[in-house]
Every structure is written in structure tokens, then in C-alpha cells.
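# Reading the structure
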Amino acid sequence: MDNYPALNLFWTMLWLFLWILWFFLLFKVITDIFRSHDLSGWGKAGWTTLVILLPYIGVLAYLIARGNSMGSRDRALAAQAEGEFQNYIRKAAGTEQQNAGPRHVDELARLADLKNSGAISEDEFRAAKAKLLA
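Everything numeric here is computed off the predicted structure, so don't read it as measured data.

## Examining the overall build of the protein
The helix and strand tally for the protein stands at five helices and zero strands. The N-to-C order of helical and strand elements in the protein reads α-α-α-α-α. Across its three principal directions, the C-alpha atoms of the protein cover 100 × 45 × 20 Å. Classification of the 134 residues of the protein by burial places 16% in the buried group. Total accessible area on the protein stands at roughly 10,300 Å², and carbon and sulfur atoms take up 67% of it. Computed over 14 positive and 13 negative side-chain charges, the inter-centroid distance for the protein is 5 Å.

Have a look at this one:
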């Protein structure tokens, strides 16, 4: 370590960090190429070939040409995943769909009993029924 100064160590670490950062960017671009639905098969093959054969130029060209839409595709994918997760939770819990029917039936029966006993008028019954079924 005596013949390797601290500044050289700093530069080595900087280049290593930039190299790893570039690999992350390369993998992000490749996953975006295959995730993109607006590219045809030939387009995906062309971009993949360019990114693999000329990595630095290919990644930079992809970022210049399609970089703006990368974020929107990521947001759309995240929103889709969130929606599917929320639907799964609602389906797994099942409280709203399963209990909604019997609650409405019980409420309608109670309203009919109130109307038959004369506690509420026909107009009040219709209004409450419309509110309940809305």
C-alpha cells in the first residue's frame, strides 16, 4: 500500500463506482426494452443488439431516443401493480362483496316492516329504498 497513494485509491474507487452505476443503467435499459409494448419485435432486437454490441453508445442513444417514456412506463407498471394488489386485498378480505347482499336485504325487510306498521309513509319508503340501493 505504500506505493499506491490515497489519490489513486480515490480515483480507483470513483471509476469502480461509475462502472457499477453504468451496469445498473445498462440493466435498466435492457429491462425497459423488453417491457415496452410500443416497440415491435424487430425494434426490441435492434435496440438490444445495439446496447450489447456498442454498450456506451447504445445506452446513450436509447436514453436520448426513448428516455422520456421510460419513466411513464415505470409509473404505469407501478400503478397497475398497485391496482392488482388492492383488488387482491379486496377479494381476500371479501367483506364488502359478501356482506353487501345480506345487509341490503335486511335493511329492505326492516323498511318494509316500518312501512307496513305505518311508521313511515310510502314516499319515505321509496326514498329510503332508493338511497339504500344507490
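## Quick look at the packing of helix H1 (residues 6–35) against helix H3 (residues 55–93)
In the contact formed by H1 and H3, the axes pass within 9 Å of each other and the chain directions differ by 60°. Overall, the two elements H1 and H3 adopt an arrangement that is oblique. In this structure, H1 meets H3 at a crossing whose hand is left-handed. Only Pro-55, Tyr-56, Val-59, Tyr-62, Leu-63, Met-70, Arg-73, Asp-74 and Leu-77 of H3 make contact with H1, whose side of the interface consists of Trp-22, Leu-25, Leu-26, Lys-28, Val-29, Asp-32, Ile-33 and Arg-35. In the contact of H1 with H3, the residues fall into 12 nonpolar, no polar and five charged.

## Some words on the confidence of the model for the protein
Of the residues in the protein, 91% have a pLDDT of 70 or more, and the chain-wide mean is 86. At the level of individual helices and strands, the protein shows its lowest average pLDDT in helix H4 (residues 95–117), which scores 72, and its highest in helix H2 (residues 41–53), which scores 93.

## Digging into the packing of aromatic side chains
Counted according to the given criterion, the structure contains six aromatic pairs. When the ring of Trp-19 is compared with that of Phe-23, the centres are 4.8 Å apart and the planes differ by 85°; the resulting orientation is edge-to-face. Here Trp-19 pairs with Phe-23, and both are found in helix H1, just four residues apart, close to one helical turn. Under the relative-accessibility criterion, Phe-23 is labelled partly exposed at 28%.

## A look at the packing of H2 against H3
Relative orientation of the contacting elements H2 and H3 amounts to 140°, with a least axis distance of 5 Å. Classified by the interaxial angle, the pair formed by H2 and H3 is oblique. Seen from H2, the contacting residues are Trp-47, Leu-50, Val-51, Ile-52 and Leu-53; seen from H3, they are Pro-55, Gly-58, Val-59, Ala-61, Tyr-62, Ala-65 and Arg-66. Class assignment for the residues of the contact of H2 with H3 results in 10 nonpolar, one polar and one charged.

Basis of the calculations
- Residues numbered from 1 in each chain as written.
- Predicted model: local features only at pLDDT ≥ 70, side-chain atom pairs only at ≥ 80, totals over all residues.
- Heavy atoms only, no water.
- Helix = DSSP H or I, 4+ residues; strand = E, 2+ residues; numbered from the N terminus.
- Buried < 20%, exposed > 50% of the residue type's maximum accessible area, 1.4 Å probe, protein only.
- Areas by Shrake-Rupley, 256 points an atom, 1.4 Å probe, with all protein chains shown as cover.
- Lys, Arg positive; Asp, Glu negative; His and termini not counted.
- Charge placed at Lys NZ, Arg CZ, Asp CG, Glu CD.
- Axes fitted to C-alpha atoms, helices over the stretch in contact; angles between N-to-C directions.
- Parallel < 35°, antiparallel > 145°, perpendicular 65-115°, else oblique.
- Left-handed = near helix turned anticlockwise from the far one by under 90°.
- Contact = heavy atoms within 4.5 Å.
- Nonpolar A, V, L, I, M, F, W, Y, C, P; charged D, E, K, R; others polar.
- pLDDT = per-residue confidence, 0-100.
- Phe/Tyr/Trp six-rings, centres within 6.5 Å; stacked < 30°, edge-to-face > 60°.

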